[in-house]
Each structure stands twice: as structure tokens, then as C-alpha cells.
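The chain contents come next:
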Amino acid sequence: MERITLSNIDEIKKKNTKDRTNNIKVGMSTCGIAAGADEIYNLLTDEIKKRNLNVSILKCGCYGMCYAEPLVEVDVQGLPRVIYGNVDKETAIKIVDKHATGERLINDHIIKIIERD
Amino acid sequence: MDRKTIFIKDTNNTNTPQTLAIYNSFMNYIREQNLLNDIQIVRTEDVGVYAKGVVAKTYPVVKIFENVTENDVPAIVEAVKNAAGGGVPSRDKQVRRVLRNCGYIDPESIEDYIANDGYQGLKKALSLGSPDKVLEELKASGLRGRGGAGFPTWLKWKLTKDIVADQKYVICNGDEGDPGAYMNRSVMEGDPHAVIEGMIIGGYTIGATKGFLYIRAEYPLAIERIQNALNQAYAAGLLGANIMGVNFTFDLEIRLGAGAFVCGEETALIASIEGRRGTPSPRPPYPSVKGLWEKPTFINNVETFANVSYIFQKGAAEFAKIGTEKSKGTKVFALTGKIKNSGLTEVPMGTTLREIVYDIGGGVIDDRPIRAVQTGGPSGGVIPVEYLDTPVDYENLTKLGTIMGSGGMIVMDTSDCMVDIAQFYLGFCVDESCGKCAPCRIGGFQMLKLLEGISNGTAVKEDINRLRDICHATQKASLCGLGQTAPNPVITTIKYFEEEYLEHIENRRCRAGKCKNLVIYKIMPDQCKKCGICVRQCPVDAISGTRETGYSINTSKCIKCGQCIEACKFKAIIKE
């Protein structure tokens, strides 16, 4: 990475600011990993690749809802941004099949609805 | 434009949730109205509202409809269809500042942090012109130490800055040892650069060239992510010489704690970094005068540093907008115990315990009545249910005899015994006492003996006064915070729940059924269906009888493990 100085930091910020829609995030702090987030992350990555979807997948920190780990946040164009809790393999595949494709949200697993700014 | 959506959930904790029934009425209605492609109906696990019947949350115009019945369905669908209001506004009590990036950015990417205002705070601090200006900004924010005691951060920095020395140090205390608390771990794992940015600003302000992150070895992932972030910061010229092109050098290094609770105390922590045995030493001199290797040093908690980077990124005025008069900003709590939604929550200072427990935590498991909330870990006290409407800030908690601590919050219900709780926390502190000073080493041990006596039914009434005396002496005479605060759980439980102590002593009774020597297990013949499952579960063959005659428990053999109670589907076994 290039050296960051007082004068170029804003430019670097701009360069790295990306559109945050069309991504799936998996909470991968100790709490998430302990609940099996690793497996879900790998599964989601594979399934998205298989279907050739225009969705990026990201590891992120803990969202705080430890009672419902593993947590998967899905933000795709045209659908509300939500977090799924207690995601097992079956739910993960449903998420890729229905939600990541922009079709619809999955019943019975959403634990948080994030309002867009 | 996002698809119009109605989220529904039955928020009453009944055995027959109405979610599906209402879901079907919504589906039927939108099918009739031919709106299937315009509006989606989604059943959720949680809508952020509790005990308000079936709740419908609409989107993208976010409104909450409570106690929804079939009759409300058309009106709600119409409201969503026309993007009209109706209902009540949704209110999220959480304000995410320290956790602003946790769960949002990739913690292993400095680029992602920079894209979200990362290191703008450092830029601002370096551009202010002088360290004094940085202190002014920090003072204006009103930030107080998040490690527990609530000492004004700017003053701590100023005291360290004002001393002339050839070398100064900055230390980040990441030795989070309270049982049930993990706020710092989440920040270090989810947003490591925010902590580092705060430390660099601190180093610049006091004129330090070196800093240490003291992290407990039990947090391997936090250590890995912090190390990764340090490497990235070095590569980007944010650490090392000429930071951001300014004539300022600052280095950071990780030091691992080996699992001693007392090393969270600042003088013991310093000893541990120096490579000595982690025992505290008397203050003064304070670390700001003679700290690490006898050089001026300031120590702040992980959360404090994360707040510092927020303050410089967004401005002191923005930070001070929320909170109470004397406690500004937010506090992260680790909500655990008998709570439905355990986890981390960040709320403005001044939020009441009731809001935290019921509106964020979703209430007590199985809807049992709440009895008390314990804050501050083993150094804190127990707050009884009468004070549940107390706004949480440093002063109010101190008044109640407890402390903010680093932010552990444990919810207790009627199945918790206060003597048992006091014994647990005191036991923890006795285990972790370093043994250097007598009040903590001996006082703690004697208090524990007395509590064991109460819990075993061998105590006398006078023991409560003895406990009070020893508590007082330990508080006053101990060398460091561990001993001074170790009696807090005992003092507060005696203060607020004395009748429960007396019950243990005089009636030999533990109402929660936790003190094993005071309870006996009994099978109620009326409820017993004579299935015999309990016999198979009992590990010591204490249950005898046949399917014809019914069963009984031999109390002299029973070890009170509770397995029979769990196994009995008819709730025929009780503790008395």
C-alpha cells in the first residue's frame, strides 16, 4: 500500500469507497466462528461462484447479536437490507437461491432489518 | 427503490405464536388485491419490538404496527402500497459509535477502514497545530475512561503530557478479564484500526514515541487481527517515523497477558509488560508520573481509544450531543445472564436499565420476573429490580453501590440466589487475588468462608455483621482496585437482599433452590405419572420404587444434581 500522508488521505479514501450494495457479509469474530460461521462462509462462497452471481462476499466483525450466531447480512439491489440469524447450511443455500438473486427475502430467519440512510 | 415489504412477528412469548395465521391473512389479502408482485410479506425471527402482540414492520417507509389482528391487514397493506405513514415510528435504542464499523467493514482491510472515515481523526489531530489543541478538543467532548472508573480522559492525557521526560509511553488495556464481558474483544476483532488510531493520537498528544497493546492471550483472533492491522499501518506510514508526512514518530507493539485478572489493574499491568510478576504497587506515584520503566505513561481501555478515534473523526460536539450531563457519549454493554437476546449493545449514557433489559434484550428468558441486574463484573454490585429505572451513568451506578466497570451486565431472575451470586463473584476475586496485601488475601478468604457457612446452613445471624466489617476493612485497606472492589457484590446483596440472607440463616431455606445443602428434592405423588424416567436419569440410584407403587427420593443418597428435574416431563419433582 502506498504511504498515507495528510495530503493524499482523502484521495485514498475516495479510491477505496465502493458501492456497498450487492454484498453478503458473514460475522467472523470469535463468537461467529465458534457457532460455525466458517463453514457458512465457505458454503456461501462456493454457492455464489457456482451460480455466477454478481454478489461479493465479505468477512466482517461481530454485530453484537451473539444469541443468534452465525449472522449473515444480505444487501442486494431492490430488496431491504437484513441480517439473518442462526444460519445453518439449509438457510444459507436458500439465501443464495432466493435472496441473493434479488427474488425475495427468506421467511423465519431474519433477526434485524437495517434501515438505509 | 427497494421492494415494499411487511415484516411480521408474534412478539408475545406464547406457546401458540400467531405469526403464521397473520402471515396467511396478509398473503390472502395481497393475492386478492393482486399485489403479489408489489409487496412481499416476510415472517421474521425478531423485529426489534417485544411483548406487543403480532408486530408488523413496514418498509421502506419504516413504521411499526403493534397488536395486529386480521382486521388490521387491509389498512396496513394500503399504507404500504401508498407509502403512507400510519403506525408508530420504529425506535432503535442502540447508537453505534464504538461499534460503528463492527459488522460493517472488513477488519482485515485498512482500505475498507479508510473508506469509512478511518484515520481522518488522526489527520485532524495532526492538522490542529499543537498537542494542546488536541487536548482542548478532547476536553470539549467530555470523554471519560471506559475501563470503569470514569476518569476524564483529557485530564489523564494532560497530566502525562505536562511532565518533562525523555521517553513516554501509551498503553492500551485489552486485558478484559471480567466473567461474561467481551466488549473489548469485539472491538479489537471487528475494528482493530479504530483502537490503533486512538493510540496514535494519544502518542502525538503526550509526546510519546512508543506504545503497547496489552491483550490477554485468551483472545487469539483479536491478537491476530491487531497484529495484521499494525503491519498494515506500518506499511502505510501510519506508524513508524514521519507519520503521515509529519515530523512525528510512534511505534506500537503487542504484549500478551497470561491470564491473570489482576493484570487489568494499571500498576500490575505495567509490571507485567516490564517482565516482572504481575502484582500491583501503591499509588502515588501514578503511572502518569512514574509508569512503564519509571517513565510517564497513560493507560486507557480499548473502548476509550475507539471513542477517541470517533471524536476526532466526527468532532467533539457530535460526540457530546448524546449522554447525560456528566457522562457523555455511549457505552457498550455485554448483556448476559437470564436474558433472551444476549450480546453486545451500545446505548447512549443515561439509558435506563429497564430499556436495556426489555427493549433491547427482549426481556427475561421464559418471561420470569427479573430480580436484579449485576453490573461491572466481580468488582461491581447488584442492582435490585426497584432501581431498574435508573439512568445508567457513572454517578448513578456509584450511588447504588456498584460500578460501570468495563460494561458487563448480568441479568438475574427469581431462579438466582443472591448468596450464591455473592459467593461466585467473591470466589472469583479470591482466586485471582495476587496475595501481595493482607486485606485482600485474608479478608477475601474469610468472607468466602462466612458465605459458604450461610449457604451450607451453618451460619449464625452475627455472621452478617462480621461480613459487613470485613467488607469495609477490605475496601479501605487493600492495595489495588481488585481488593477494594471485591466486596462490592457482597455489600450490595446484603444491602438490598438482607431478608434472603436471614432466610438462609434462620429458616435454613434457599428460595431459589441454589444452595444445595438447604434444599431437598421431592417427588409429588399427585403429579407423578409413574413413568420411571427419573430413575434411569439418577446417577447415584437415589430414586426407588416401582411403576405400580410410585417413586420416592432417598434424600441421604441424593446429590442434588438436578438431572431428575430436567428429565421429568410432568414437573412432578420439586426442590424444597
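Keep in mind it's a predicted model, so treat the numbers as computed, not measured.

## Examining the overall build of chain B
And step 1. What chain B contains, in helices and strands, is 22 helices and 18 strands.
And step 2. For chain B, the spread of C-alpha atoms along the three principal axes comes to 90 × 75 × 40 Å.
And step 3. Evaluated residue by residue, chain B yields a buried proportion of 52% over its 576 residues.
And step 4. Long-range pairs, those at least 24 residues apart, make up 70% of the contacts in chain B between residues at least 6 apart in sequence.

## Details of the overall build of chain A
And step 1. Looking only at helices and strands, chain A features 4 helices and 5 strands.
And step 2. Taken from the N to the C terminus, the helices and strands of chain A come in the order α-β-α-α-β-β-β-α-β.
And step 3. Along the first, second and third principal axes, the C-alpha set of chain A runs to 50 × 30 × 30 Å.
And step 4. Out of the 117 residues belonging to chain A, those deemed buried represent 44%.
And step 5. Partitioning the intrachain contacts of chain A with sequence separation of at least 6 by distance along the chain shows that 64% fall at a separation of at least 24.

## Looking at the nonpolar core
And step 1. Of all hydrophobic cores here, the largest spans 191 residues; its most connected members are Tyr84(A), Ile8(B), Val195(B) and Ile200(B).
And step 2. When neighbours within four sequence positions are excluded, Val195(B) is seen to be in contact with Cys172(B), Val187(B), Met188(B), Val302(B), Phe305(B) and Ala306(B).

## Regarding the sheet that holds strand S3 (residues 54-59) of chain B
Residue and element names in this part refer to chain B.
And step 1. Judged by pairing direction, the sheet is mixed, and its 5 strands sit side by side in the order S2-S1-S3-S4-S5 without closing on themselves. Since the sheet does not close on itself, it has two edges, and those belong to strand S2 (39-43) and strand S5 (88-89), each with one partner.
And step 2. As paired elements, strand S4 (residues 63-65) and S5 share 2 bridges and run antiparallel to each other. Paired with Ile64 across the two strands is Val88, which belongs to S5.

## Some words on the sheet that holds strand S9 (residues 297-301) of chain B
Residues and elements named next belong to chain B.
And step 1. Read from one edge of the open sheet, 4 strands run S8-S7-S6-S9, paired in parallel fashion. On the outer flanks of this sheet lie strand S8 (251-257) and S9, each paired with one strand and no other. Within this sheet the neighbouring strands show an average axis-to-axis angle of 20 degrees, counted without direction.
And step 2. When strand S7 (residues 210-216) meets S8, the two strands line up parallel, connected through 7 bridges. The residue bridging Lys210 from the neighbouring strand is Asp251, located in S8.
And step 3. Of the strands in this sheet, strand S6 (169-174) and S9 are in contact with helix H11 (residues 302-314), which crosses S9 at around 90 degrees.

## Here we look at the environment of Phe497(B)
Residue and element names in this part refer to chain B.
And step 1. Following the sequence through the fold, Phe497 ends up in the loop between helix H19 (488-496) and helix H20 (498-506).
And step 2. By the C-beta count within 10 Å, which is 20 here, Phe497 ends up buried.
And step 3. Placed 36 residues apart in sequence, Phe497 and Ile533 show a C-alpha to C-alpha distance of 37 Å.

## A short note on the interface of chain A and chain B
And step 1. Facing the 38 residues of chain A at the interface are 49 residues of chain B.
And step 2. Grouping the constituent residues of the side of chain A that touches chain B by class yields 18 nonpolar, 12 polar and 8 charged.

## Structural notes on helix H5 (residues 131-141) of chain B
And step 1. If you check which residues of H5(B) are buried, you get Val134(B), Glu137(B), Leu138(B) and Ser141(B). When H5(B) is viewed along its axis, its buried side chains cluster within an angular range of 95 degrees and face the same direction.

## As for the packing of helix H8 (residues 192-206) of chain B against helix H9 (residues 220-235) of chain B
Residues and elements named next belong to chain B.
And step 1. The contact between H8 and H9 brings their axes to 9 Å, and the two run at 60 degrees. Taken together, H8 and H9 sit at an angle that is classed as oblique. For H8 against H9, the interelement crossing comes out right-handed. Judged by residue contacts, Pro192, His193 and Ile196 of H8 engage Arg225, Ile226, Ala229, Leu230 and Ala233 from H9.

## Topic: the pairing of strand S1 (residues 23-27) of chain A
Moving residue by residue along a regular strand, the side chains alternate between the two faces of the sheet.
All names here are of chain A.
And step 1. Of all 5 residues in S1, 4 are buried, a share of seventy percent or more.
And step 2. Where S1 meets strand S3 (residues 72-75), 4 bridges bridge the pair, whose relative direction is antiparallel. Considered in S3, the bridge of Val26 is made with Val72.
And step 3. Pairing between S1 and strand S2 (residues 56-60): 5 bridges, direction parallel. Within the sheet, the bridge partner assigned to Ile24 lies in S2 and is Ile57.

## Focus on the environment of Ser288(B)
Residue and element names in this part refer to chain B.
And step 1. With respect to the element layout, Ser288 can be found in the loop between helix H10 (266-274) and S9.
And step 2. The sequence separation of Ser288 and Tyr214 amounts to 74 residues, and the corresponding C-alpha distance is 17 Å.
And step 3. When near neighbours in sequence (up to four residues on either side) are disregarded, Ser288 contacts Lys156, Leu159, Thr160, Ile163, Pro296 and Phe298.

## Some details on unusual backbone geometry
And step 1. Of note, the bond from Tyr59(B) into Pro60(B) is cis; its omega dihedral lies within 30 degrees of zero at 5 degrees.
And step 2. Following the sequence through the fold, Pro60(B) ends up in the loop between S3 and S4.
And step 3. Within the chain, Asp108(A) stands out as a residue other than glycine whose phi angle is a positive 70 degrees.
And step 4. As for its placement among the helices and strands, Asp108(A) is situated in the loop between helix H4 (89-99) and strand S5 (110-114).
And step 5. For Asp108(A), a count of 15 C-beta atoms within 10 Å corresponds to the partly exposed category.
And step 6. Backbone geometry places Lys571(B), a non-glycine residue, at a positive phi of 50 degrees.

## Structural notes on the domain arrangement of chain B
Residues and elements named next belong to chain B.
And step 1. Entries for chain B in the domain assignment read domain 1 (4-89), domain 2 (110-318), domain 3 (330-413), domain 4 (418-506) and domain 5 (520-575).
And step 2. One C-alpha centre belongs to domain 2, the other to domain 4; they are set 35 Å apart.
And step 3. Contacts between the two partners involve 10 residues from domain 2 and, on the opposite side, 8 residues from domain 4.
And step 4. Across the side of domain 2 that touches domain 4, the residue classes tally to 7 nonpolar, 2 polar and 1 charged.

## Remarks on the pairing of S5(A)
Residues and elements named next belong to chain A.
And step 1. Among the 5 residues in S5, 4 count as buried, and that is most of the element.
And step 2. Bridge count between strand S4 (residues 81-84) and S5: 4 bridges; the pairing is antiparallel. Residue Val82 lies in a different strand from S5, and its bridge partner there is Ile113.

## What about the environment of Tyr169(B)?
All names here are of chain B.
And step 1. By the secondary structure assignment, Tyr169 is in strand S6.
And step 2. For the pair formed by Tyr169 and Gly207, sequence separation is 38 residues and the distance between their alpha carbons is 8.5 Å.
And step 3. For Tyr169, the residues in contact, after removing those within four places along its chain, are Ala208, Lys210, Gly211, Phe212, Gly291, Leu292, Lys295 and Thr297.

What counts, and at which threshold
- Residues numbered from 1 in each chain as written.
- Chains lettered and ligands numbered in written order.
- Predicted model: local features only at pLDDT ≥ 70, side-chain atom pairs only at ≥ 80, totals over all residues.
- Helix = DSSP H or I, 4+ residues; strand = E, 2+ residues; numbered from the N terminus.
- Buried ≥ 20, exposed ≤ 12 C-beta atoms within 10 Å, placed from the backbone.
- Contact = placed C-beta atoms within 7 Å.
- Core = buried A, V, L, I, M, F, W, Y, C linked by C-beta atoms within 7 Å.
- Pairing = 2+ DSSP bridges.
- Axes fitted to C-alpha atoms, helices over the stretch in contact; angles between N-to-C directions.
- Nonpolar A, V, L, I, M, F, W, Y, C, P; charged D, E, K, R; others polar.
- Arc of directions from axis to C-beta.
- Parallel < 35°, antiparallel > 145°, perpendicular 65-115°, else oblique.
- Left-handed = near helix turned anticlockwise from the far one by under 90°.
- Domains from an automatic or database assignment.

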